[in-house]
Amino acid sequence: MNAVPWLLVCDLDGTLLGHDESLFEFEKWSRNLDTVRIAYATGRHLVSVIECLTQTALPLPDFLITNIGTEIWSMPTATPLFPWPILN
């Protein structure tokens, strides 16, 4: 029987970021996910989120929702999910 996939969408600042011990536990938990996809929703721009991913224990998400929801990216390639022009 195939499990139904879930999407977990989390904010970054003040939610996943800000308490390193809890972030480590979230990262450890996320390693065992087969049917859960992760997306981070944030007001930050793409470059800021990518820098954050390289500097913290944040698990690599399947999607990023950036710039207050105006841009959606498929990860790990940071490919825009929709074809409208992305403003930098």
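Residues numbered from 1 in each chain as written. Predicted model: local features only at pLDDT ≥ 70, side-chain atom pairs only at ≥ 80, totals over all residues. Heavy atoms only, no water.

Help me get a handle on the nonpolar core, residues and values and all.
Looking at soluble globular proteins, one finds that nonpolar side chains tend to be buried together. Residues Leu12, Leu16, Leu17, Tyr40, Leu53, Leu58 and Leu64 are the most contacted members of the largest nonpolar core, which totals 19 residues. Of all the secondary-structure elements, those providing two or more residues to this core are helix 1 (20-30), strand 2 (36-41) and helix 2 (46-55). Looking at which element gives the most residues to this core, the answer is helix 2, with four residues. With residues up to four places along the chain from it excluded, the contact list for Leu16 reads Cys10, Asp11, Leu23, Phe26, Tyr40 and Leu58. (Core = buried A, V, L, I, M, F, W, Y, C linked by side-chain atoms within 4.5 Å. Buried < 20%, exposed > 50% of the residue type's maximum accessible area, 1.4 Å probe, protein only. Helix = DSSP H or I, 4+ residues; strand = E, 2+ residues; numbered from the N terminus. Contact = heavy atoms within 4.5 Å.)

Give a detailed account of the environment of Leu46, specifying residues and quantitative values.
Mapped onto the elements, Leu46 comes out in helix 2. Exposure remark for Leu46: the relative accessible area of 15% places this residue in the buried category.

Which residues make up the sheet that holds strand 5 (residues 79-80), and what are the values?
Two orientations exist for strands paired in a sheet by backbone hydrogen bonds: parallel and antiparallel. In spatial order, the strands read 1-2-3-4-5; together these five strands make up an open sheet with mixed pairing. A single partner strand is all that each edge strand has here, and the edge strands are strand 1 (6-11) and strand 5. In terms of strand pairing, strand 3 (residues 63-66) meets strand 4 (residues 71-74) through four bridges, oriented antiparallel. Across the sheet, Ile65 pairs through a bridge with Ile72, a residue of strand 4. (Pairing = 2+ DSSP bridges.)

Outline the confidence of the model for the protein, supporting the account with residue identities and numerical values.
For the protein, the average pLDDT comes to 89, and 91% of its residues sit at 70 or higher. Of all helices and strands in the protein, the one with the weakest mean pLDDT is helix 1 (91), whereas strand 3 scores best (96). (pLDDT = per-residue confidence, 0-100.)

Go over the pairing of strand 4, please, and point to the residues and values.
Residues Glu71 and Trp73 point to one face of strand 4 and are all buried, whereas Ile72 and Ser74, pointing to the other face, are not buried. Hairpin connection of strand 3 to strand 4: four residues between the antiparallel strands, including Asn67 at a positive phi of 50°. The loop that links strand 4 with its antiparallel partner strand 5 comprises four residues; one of these, Ala78, has a positive phi angle of about 55°.

Can you explain the side chain of Thr42? Please cite residues and give values.
The topology assignment puts Thr42 in the loop between strand 2 and helix 2. On the basis of relative accessibility, which here comes to 6%, the residue Thr42 falls in the buried class. The contact partners of Thr42, leaving out residues within four places of it in the chain, are Asp11, Leu12, Asp13, Val49, Ile65, Thr66, Asn67, Ile68 and Gly69.

Give a detailed account of the pattern of salt bridges, specifying residues and quantitative values.
Under the defined criterion, the tally for this structure stands at three salt bridges. For Lys28, the salt bridge is made with Glu25, and the minimal N-O distance between the two is 3.5 Å. Within this pair, Lys28 and its partner Glu25 are both found in helix 1, separated by three residues, close to a single helical turn. For Lys28, a relative accessible area of 36% puts it in the partly exposed group. Its relative accessible area of 40% is what places Glu25 among the partly exposed residues. Glu27 is the partner of Arg31 in a salt bridge, and the nearest nitrogen-oxygen pair spans 2.8 Å. A relative accessible area of 52% means that Arg31 is categorised as exposed. A relative accessible area of 19% places Glu27 in the buried class. (Salt bridge = Lys/Arg side-chain N within 4 Å of Asp/Glu carboxyl O.)

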